[in-house]
Amino acid sequence: MIRDLLTRLATALLLVLAALSLAFLLARLAPGDPVGMLRDPDLDAAGRELLRQQYGLDRPLAEQYVRWLGGAVLHGDLGRSLRLHREVSDVLAEAVPRTLLLTFSAYLVHLAVAVPLGVWMARRRGSAAERAVGALGLALNSLPAFWLGLMLVLIFSRGLGWLPASGMHSPDHALLPWPSRLLDTLRHLVLPVAVLGLATAVGTARYVRQAVLEVLDSEFVTAARARGLPERVVIWRHALRNALLPVVTLVGLNLPALLGGAVVTETVFAWPGMGRVAVEALWARDYPVILGAAGLSAVVVVVGNLLADLCYRLVDPRARTGGEGRT
Amino acid sequence: MNVVGRALLRDAGGRTGLVLILLPLLAVVLSGPLAPGDPLRVGTAAEQLLAPSRAHPLGTDALGRDVLGRLMLGGRASLAVGWSGVLGAVLIGTLVGLAAGLGPRRLDRALMALTDLFLAFPRVFLVLLLAAAAAPSLALVAAVIAATGWMGVARLVRAEALVLRERPFVVAARSLELPAWRLAARHVLPHVLPLVILAASLRVGGAILLESFLSYLGLGAQDPTVSWGAMIEHGQRHLADAWWLAAFPGLAIALTAIGHNLLGDALRDELDPRADGRYGSPGGDGA
């Protein structure tokens, strides 16, 4: 077990390193460089060349890579953003909490809708209403998220004027007393969370429905029913607890999907988080920021997969044997 | 396949899906003769940003071009990129999966490590990195969809091949010392094919969504090529004064994706006996 765990950790570490190398290579494949992307009329060709020398961009690719990786791994130094003139670690430290606020809110809303809805679907299995909700889930899953965001902005911001269209704060945010400041942020959260958390909730509800139905077939549920417990108690106390574990693992640790969703949502709503930072860095060929963001997301995804794996082992004893997995 | 076809027509979801796919296909094929005017022709100032009317059922855009005509033309790009992207992804995934499942153990390990590497990023991130690496075009988008969509198929095919390699008919074929490619192509592939077709059909919807997102970001179709995602991007600039510009292309994408997803679900009911009804395993991975 311990040996297996160590192997897994070592593999995860190698995977992160490989992912960083891949990101480095891909970022460098892109035409243009950060200096070429600077729009400064006073900067002539000689000045740009000087800047390239200063940033070390004129060095061989391998040397730049080793230098960056060495700094990142040995000193935790991710370098400086060539566009923002700030430390990459500062840029990331500012953006990550914002993305966490967005994704965590979306995750809460997602589960708060998906679980009760899934239970309801399981209890009303086969009814016209249940089929209609299932169809709605499929339709919502097929909507382009960025377009859904635009349409919500069109209706609730431009049309009704209820909610702000983009950003995380109003311009006068800093001047407000704190209750209004909180409310201001919450109002900015509503539309992005709806796109990120609500639109896909019906799809998850279909998984919850499936899991609940499977548990309802088991003997302990029959036993609970035989003891004359009300159906409400059987489902919420007995069945759901067992049904939910795989669902929460599935949703909670499906980090790539959640992070990817954040990239799309942040782009549409100009939410100043990781996704937006990464996309803007990509446009400006701001290599240190691209690599910092790629590295961070790779670490999160790989660690998430490792945790999911461990959770499955804790939940399902069958997965504990056979570390080689060639079966 | 005849049996499957008939079963699809029996299933209400499958029927709806087929209609939703055939509709844009028909519109795309007929976009020449049917489109009201030339969708690429720039109109006069009086024709710009007209609300939907009898002359222009879906309105006109900022250059006075008919939105309905452009919608019919744009479907060509969305469908072609979605389908060819998924075809590429499934081809790569099948090859990798077969090689990993049937080949020597060392190859298996290397290929699965590669799969894990590609899965270590959120797909959107990988897509953006790749799409920024060359001049934007629709062919690039299709290639990117293929290059970032094969991992799930590879795992699926590998798992199936690992089971099949121990089956007596494969062991027998192996003992004849057939070349490896022949063993894979003639004896294993036919048994994996239904699974592969299923996986492909479940992924087209997601691929169409991904194409629209990339074109929306300006990484896909470039003027004068029309695509639904690019139309939404244009529409975003006029969200306040001309809602129809962004609304209708998105609706077209949604309906097409719904159609593909319905058809995929119906196909799964037929081909995958493990899945109970409409829910469960080898799902797609959308944008």
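Scroll up a little and you will see the structure.
This text gives an overview of the structure that appears in the document. (Residues numbered from 1 in each chain as written. Chains lettered and ligands numbered in written order. Predicted model: local features only at pLDDT ≥ 70, side-chain atom pairs only at ≥ 80, totals over all residues. Heavy atoms only, no water.)

### Digging into the overall build of chain A
Under the convention used in this document: A run of H or I in DSSP counts as a helix once it spans at least four residues, and a run of E counts as a strand once it spans at least two, with each numbered from the N terminus. Remark: exposure states derive from per-residue accessible area (1.4 Å probe, protein chains only) relative to the maximum for the residue type, with buried under 20%, exposed over 50%, and partly exposed in between. Contacts are assigned to residue pairs with any non-hydrogen atoms lying within 4.5 Å of each other. Charge counting treats Lys and Arg as positive and Asp and Glu as negative, with His and both chain ends excluded. Note that the charge is assigned to NZ on lysines, CZ on arginines, CG on aspartates and CD on glutamates.
A tally of helices and strands in chain A yields 14 helices and 0 strands. Taken from the N to the C terminus, the helices and strands of chain A come in the order α-α-α-α-α-α-α-α-α-α-α-α-α-α. Overall size of chain A, expressed as C-alpha extent along the three principal axes, is 85 × 60 × 35 Å. A burial count over chain A gives 46% of its 327 residues as buried. The contacts in chain A between residues at least 6 apart in sequence include a share of 71% that link residues at least 24 apart. For chain A, the distance from the average position of its 32 positive side-chain charges to the average position of its 25 negative side-chain charges is 10 Å.

### Re a nonpolar patch on the surface
Residues and elements named next belong to chain A. Put simply, the test is: Note that patches include only residues with greater than 30% relative accessible area and no salt bridge, and the join distances are 9 Å for like charges and 5 Å for nonpolar side chains (Val, Leu, Ile, Met, Phe, Trp, Tyr). Exposure was quantified through the Shrake-Rupley algorithm and a 1.4 Å probe, taking into account, for residues, occlusion by the shown protein chains and nothing else. A pair is scored as a salt bridge if a Lys or Arg side-chain nitrogen falls within 4 Å of a carboxyl oxygen belonging to Asp or Glu.
On the surface, Leu 14, Leu 17, Val 73 and Leu 74 cluster together into a nonpolar patch covering about 420 Å² of accessible area. Elements represented by at least two residues in the nonpolar patch include exactly helix H1 (2-29) and helix H4 (61-75). You can call Leu 17 partly exposed: its relative accessible area is 35%.

### What to know about unusual backbone geometry
A positive phi angle is found at Arg285(A), which is not glycine, with a value near 55°. Tracing the backbone shows Arg285(A) in the loop between helix H13 (274-284) and helix H14 (287-315). In this structure, Glu177(B) takes a positive phi of about 55° despite not being glycine. Within the secondary structure layout, Glu177(B) lies in the loop between helix H9 (168-175) and helix H10 (180-216). On the basis of relative accessible area, Glu177(B) is assigned to the exposed category, the value being 71%.

### Topic: the layout of surface pockets
All names here are of chain A. The criterion, for reference: Here a cavity is any set of points on a 1 Å grid over the protein atoms alone where a 1.4 Å probe fits but cannot get out, and a pocket is any open set with protein on both sides within 12 Å along at least 5 of 7 lines; a residue lines the site when it has an atom within 4 Å of a point. Grid points are joined across faces, edges and corners, and a volume is the space filled by probe spheres set on the points. Any residue that is not Ala, Val, Leu, Ile, Met, Phe, Trp, Tyr, Cys, Pro, Asp, Glu, Lys or Arg is counted as polar, Gly included; the first ten are nonpolar and the last four charged.
Here the second largest pocket defines a volume of roughly 520 Å³. Around the second largest pocket, the lining is made up of 23 residues, and of these Tyr 55, Arg 67, Trp 68, Gly 79 and Pro 288 lie nearest the centre. Contributions of two or more residues to the lining of the second largest pocket are made by H1, helix H3 (45-55), H4 and H14. For the lining of the second largest pocket, the element with the most residues is H4, which contributes 6 residues. Taken together, the residues that form the lining of the second largest pocket break down as 10 nonpolar, 7 polar and 6 charged.

### Notes on the packing of aromatic side chains
Threshold: Pairing of aromatic rings covers Phe, Tyr and Trp, the last through its six-membered ring, and needs centres within 6.5 Å; plane angles under 30 degrees mean stacked, over 60 mean edge-to-face, and all others mean tilted.
For the structure on display, the rule yields 6 aromatic pairs over all chains. With centroids separated by 4.4 Å and ring planes inclined at 25°, the aromatic side chains of Phe146(A) and Tyr216(B) adopt a geometry described as stacked. Taken as a pair, Phe146(A) in helix H7 (residues 145-159) and Tyr216(B) in helix H10 lie in two separate chains rather than in one. Residue classification places Phe146(A) among the buried residues on the basis of a relative accessible area of 1%. On the basis of an interplanar angle of 40° and a centroid distance of 6.0 Å, the ring pair of Phe156(A) and Trp162(A) is categorised as tilted. What makes Phe156(A) partly exposed here is its relative accessible area of 25%. Connected via pairs of aromatic rings, a cluster forms that spans Phe146(A), Phe213(B) and Tyr216(B).

### What to know about the nonpolar core
Threshold: In these notes, a set of buried Ala, Val, Leu, Ile, Met, Phe, Trp, Tyr and Cys residues joined through side-chain atoms within 4.5 Å is what counts as a nonpolar core.
Counting residues in each nonpolar core, the largest one holds 129 residues, and the members touching the most others are Phe146(A), Phe121(B), Leu128(B), Leu129(B), Val188(B), Tyr216(B) and Ile232(B). In terms of residues, this core owes the most to one element, H10(B), which gives 15 residues. Those residues within four positions of Tyr216(B) in sequence are excluded, and the remaining contacts are Phe146(A), Leu150(A), Val268(A), Gly229(B), Ala230(B), Ile232(B), Glu233(B) and Gln236(B). The next biggest cluster of nonpolar side chains, apart from the first, holds 19 residues, and it includes Val208(A), Ala239(A), Leu240(A) and Ala243(A).

### Looking at the interface of chain A and chain B
Rules: Put simply, buried area is how much 1.4 Å-probe accessible surface two parts lose in total, over both of them, once they are put together. N or O atoms within 3.5 Å of each other form a polar contact, as long as, within protein, one can give a hydrogen and the other can take it, and as long as residues adjacent in sequence are counted only when both atoms are side-chain atoms.
Tallying the contact residues gives 50 residues for chain A and 49 residues for chain B. Counting each side, the surface lost to burial between chain A and chain B is near 4,200 Å², with a carbon and sulfur contribution of 74%. Where chain A touches chain B, the interface holds 0 salt bridges. Summed over the shared surface of chain A and chain B, the result is 3 residue pairs in polar contact (both at pLDDT 80 or more). When contributions to the side of chain A that touches chain B are tallied by element, the ones reaching two or more residues are H1, helix H6 (128-141), H7, helix H9 (201-216), helix H12 (255-269), H13 and H14 of chain A. Class assignment for the residues of the side of chain A that touches chain B results in 35 nonpolar, 7 polar and 8 charged.

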